[in-house]
Amino acid sequence: MCGLAGFLTTDPPAEPGAFLHLARRMGETLSHRGPDASGGWADEEAGVAFAHRRLSIVDLSEAGTQPMTSSCGRFVLAYNGEIYNAAEIRDDLVAAGRAFRGHSDTEVLVEAIAEWGVDVTLPKLNGMFAFAVWDATSRTVTLARDRIGIKPLYYGTPDGGRTWLFGSELKPLREHPAFDAAIDRDALALLLRHGMVVGPRSIYRDVAKLAPGTTVTFRAGAADADVRPYWSLFDIASSGEDGPDGDLEQLLTDAVGRRMVADVPVGAFLSGGIDSSLVVALMQRQSTQPVRTFSIGFGESRYNEADHAAAVAEHLGTDHTELYVTPDDALAVIPKLPTIYDEPFADSSQIPTYLVSELTRRSVTVSLSGDGGDELFAGYDRYRIARDVWKTLSPIPGPLRTLAAAVGTAVLRRLPGQTARKFARRADKLGVGSAGDVYCSQLIHWANETDLVLGADRRATDWSDPTLWPSKLDPIDQFRYADMRVYLPDDILTKVDRASMAVSLEARVPLLDHRVVEWVWRRGNLSPDGRTPFGKPQLKAILAKYVPRELFERPKMGFGVPIDVWLRGPLRDWAEALLDDRRLRDEGFFDPGPIRQRWREHLDGTNDWHYPLWNVLMFQAWREGTR
């Protein structure tokens, strides 16, 4: 796991060596992603420079140093991630006449590009990756991101094509003198609506996130870039074609086994839930030594899964480490969040994710996780709720539903008490027009976000429009599609990447092996009636071969902390300063009225508004920390 940064420009260097110096300075902002080595490369005549920070995982020698030039000299690569089938690709390249200096997957990737080109190489890769490659012949830079969006990559041109900037995070882009820090107010509205900046936008107006399964190619002096998808979840979900051969357990076992390969210590996050328990069980099945597993616990029972994790670890015989963290431990993370997450990010489970990553890094350099299981195998309760609500509402004529929603909401909002307000929000759902509308209504934190964010465009926030989902899918599959398309890369995987990389830990996600994803979508997630079952029965059936059902059959728990309580207690002064009425007015991003109203209601216990308030607070804290 590593970090990369660079630029391509028509501007001449101020003096010889200036481009390399600037690139290295950009790269230094990513030292947490790669503490083991730093590298830089520049061609000042061509106007291009790369920087790289290395976390050594495979081939710890200098033969894996980046940026790396292909043996033919045409291509230069800066790469972040792991290619899990590098050995097979290497064999094909050797057969084609390519020679190798070391055994890193970086060298395999750059030689594959030299032999076949980027477009032919990408479908061959099994892995998580984001990379930049310079082609000295075409004088272009091409960026690519893995199919699911496990690894991040930002890019943009602040000056209409004269300079292109790119990097694993936003930090290195801010170091370049051409960077423009103008806030994208439409992106800010998305943050308030959903708790995350939804791609391809970033929080900055002139910077984009590269979409999963996509490449972008640009040249200096050209304002337009060539953006091309090489893998499409929409096509996979819509095709109805058979998936890869083999059964699910075989695919998962192979996916886990490939992610256990490293030249450094490897472990796993273990919450005791279905997904992480299955990953650990399949690891232990393939290991001759006890697998190192890690979990954190909390004193509050509604957030604590440590006992469940310990029971699974004992049954599987892992070498288990757990740490009970105090509220002070968790609160101490909050000042670090703007730096860790680099752009405003408001999923409060970011806090325990960082804490378990910090614990794990004390013992290992690589950790496997169970992330992706809920989205891929329909594990969220909200899927079932949305399906059942729509099943009840759909027989009622649309105009009658709309009228009932308006009347019911108006009446309930006039009644005192938190219960009435909760039912008022539920009454809003009566006016929806589809199962997708019901589902999306559960995910909205601020429904009037474009009124709240001054200067935002309502049309820009409509990423969750169900009319854009594959129409032939049943409701639960549509919900899964929406989550895998947006929530997974922009929330879950962002959270895990930034938290783990902040402590120089590589997190690997075997359930999101693209072969598993394609198998499930095309053939494996169907019950005999052709509809998607809820609650991950396929994973439970496999896990039950290794772990007794009584150790994992229980209500699903979230991975969170009591932000609602903390905002009324130890975080109250911090939040009050960030939500000060005069401050909000002077800064000019928000209409202070609705924010102050919800803050008052939260403090007096009239309502629990911690989700929407946390979204605002994370922007305010981020902006304060990046000035």
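All of these numbers come straight from a predicted model, not from anything done at the bench.

Definitions and limits used
- Residues numbered from 1 in each chain as written.
- Predicted model: local features only at pLDDT ≥ 70, side-chain atom pairs only at ≥ 80, totals over all residues.
- Heavy atoms only, no water.
- Helix = DSSP H or I, 4+ residues; strand = E, 2+ residues; numbered from the N terminus.
- Buried < 20%, exposed > 50% of the residue type's maximum accessible area, 1.4 Å probe, protein only.
- Pairing = 2+ DSSP bridges.
- Core = buried A, V, L, I, M, F, W, Y, C linked by side-chain atoms within 4.5 Å.
- Phe/Tyr/Trp six-rings, centres within 6.5 Å; stacked < 30°, edge-to-face > 60°.
- Lys NZ or Arg CZ within 6 Å of the ring centre and 35° of its normal.

Peer 1: Residues and numbers for the environment of W521, please.
Peer 2: Among the structural elements, W521 can be located in helix α21 (residues 514-524). For the pair W521 and Y481, spaced 40 residues apart in sequence, the C-alpha separation works out to 9.4 Å.

Peer 1: Give me the lowdown on the pairing of strand β3 (residues 48-54), citing residues and values where you can.
Peer 2: Most of β3 sits inside the fold, with seven of its seven residues counted as buried. Side chains V48, F50, H52 and R54 project from β3 onto one buried face, and the interleaved A49, A51 and R53 project onto a second face that is buried too. Pairing of strand β1 (residues 2-9) with β3 involves seven bridges; the strand directions are antiparallel. Note that in β3 the partner of F7 across the bridge is A49. Taken together, the seven bridges between strand β2 (residues 37-43) and β3 define a ladder with antiparallel strand orientation. Residue pairing for β3: D43 is matched across the bridge by V48. From the end of β2 to the start of β3, which pair antiparallel, there are four residues, and G47 there has a positive phi angle of about 80°.

Peer 1: Please provide a residue-by-residue account of the nonpolar core, values included.
Peer 2: Ranked by size, the top nonpolar core spans 76 residues in total, and within it L248, L252, L512, V516 and W521 carry the most contacts. Take this core: its biggest share by element is 11 residues, from helix α20 (residues 475-502). Counting 74 residues, the second-largest nonpolar core is a separate cluster that includes L170, I334, I563 and W599.

Peer 1: Describe the sheet that holds strand β8 (residues 154-156), with residues and values.
Peer 2: In spatial order, the strands read β2-β3-β1-β9-β8-β10; together these six strands make up an open sheet with antiparallel pairing. In this open sheet, the two edge strands, each paired with only one partner strand, are β2 and β10 (208-209). As defined by bridge partners, β8 adjoins strand β9 (residues 163-167) across three bridges and the pair is classed as antiparallel. Looking across to β9, one finds that G156 is bridged to L165.

Peer 1: Which residues make up the packing of aromatic side chains, and what values do they have?
Peer 2: In this description, a pair of aromatic rings is defined by centroid distance and the angle of the planes. Evaluation of the coordinates by the stated rule reveals 20 aromatic pairs. Aromatic side chains F166 and F218 sit 6.2 Å apart centroid to centroid with 45° between the ring planes, which places their arrangement in the tilted category. Here the residue F166 occupies a position in strand β9, and F218 occupies one in strand β11 (residues 214-218), the gap between them amounting to 52 residues. With respect to burial, F166 and F218 carry one shared label: buried. When the centroid spacing of 6.2 Å and the interplanar angle of 75° are considered together, the rings of Y380 and Y487 count as edge-to-face. Separated by 107 residues along the polypeptide, Y380 in the loop between α14 (373-376) and α15 (381-393) and Y487 in helix α20 bring together distant segments of the chain. One exposure class covers both Y380 and Y487, and it is buried. Feature note: the residues W41, F50, Y155, W164, F166 and F218 constitute an aromatic cluster, connected by ring pairs. Over the ring of W521 we find R480, and its NZ or CZ is 3.9 Å from the ring centre. In this arrangement the basic side chain of R598 is found over the ring face of W609, its NZ or CZ atom lying 3.9 Å from the centre.

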